[in-house]
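Coordinate analysis (summary)
Residue-level listing of the chains:
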Amino acid sequence: MDSKETPAEKRERLKQKELKNNPSGSLNDAFNSGNSGNLTGMNVKDIGILILVLFFGYLIYKIIFNE
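Scoring rules and cut-offs
- Residues numbered from 1 in each chain as written.
- Predicted model: local features only at pLDDT ≥ 70, side-chain atom pairs only at ≥ 80, totals over all residues.
- Heavy atoms only, no water.
- Helix = DSSP H or I, 4+ residues; strand = E, 2+ residues; numbered from the N terminus.
- Buried < 20%, exposed > 50% of the residue type's maximum accessible area, 1.4 Å probe, protein only.
- Areas by Shrake-Rupley, 256 points an atom, 1.4 Å probe, with all protein chains shown as cover.
- Phe/Tyr/Trp six-rings, centres within 6.5 Å; stacked < 30°, edge-to-face > 60°.
- pLDDT = per-residue confidence, 0-100.
- Patch = residues over 30% accessible without salt bridge, like charges linked within 9 Å, V, L, I, M, F, W, Y side chains within 5 Å.
- Salt bridge = Lys/Arg side-chain N within 4 Å of Asp/Glu carboxyl O.

It is worth spelling out the overall build of the protein chain at this point. Helices and strands together make up the secondary structure of the protein chain, namely four helices and zero strands. Counting from the amino terminus, helix and strand elements in the protein chain follow one another as α-α-α-α. Taken over 67 residues, the protein chain has a buried fraction of 1%. Summed over its atoms, the accessible surface of the protein chain is roughly 6500 Å², and 62% of this surface lies on carbon and sulfur atoms.

And the structure:
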């Protein structure tokens, strides 16, 4: 390898080497991402509140614009 390789290039080279040697590793990480947390940053409580807000917003919309 080139001795003048930047740290970013070295990281990318090592990443590509790992993906080549272990192609199912990233698939396994994707399946197990729910165990360590979701990707959106919302927990169950936040999602529940969002659903309630959308539901009540829909009810208010139907009451106001029901003709």
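What follows continues from the structure just given.
So, on to the packing of aromatic side chains. Under the criterion given, the structure shown has two aromatic pairs. Pairing F55 with F56 gives two aromatic rings, centres 5.6 Å apart and planes at 65°, and the pair type is edge-to-face. What makes F56 partly exposed here is its relative accessible area of 48%.

So, on to the confidence of the model for the protein chain. The predicted coordinates ought not to be read in detail in places where the model reports low pLDDT. For the protein chain, per-residue confidence averages 79 on the pLDDT scale, and residues scoring 70 or more make up 69% of the total. The secondary structure element of the protein chain with the lowest average pLDDT is helix α3 (residues 33–36), at 60, and the one with the highest is helix α4 (residues 44–64), at 92.

Together, L52, F55, F56, Y58, L59, I60, Y61, I63, I64 and F65 give the surface a local cluster of nonpolar side chains, amounting to about 1100 Å² of exposed area. Position of L59 among the secondary structure elements: in helix α4.

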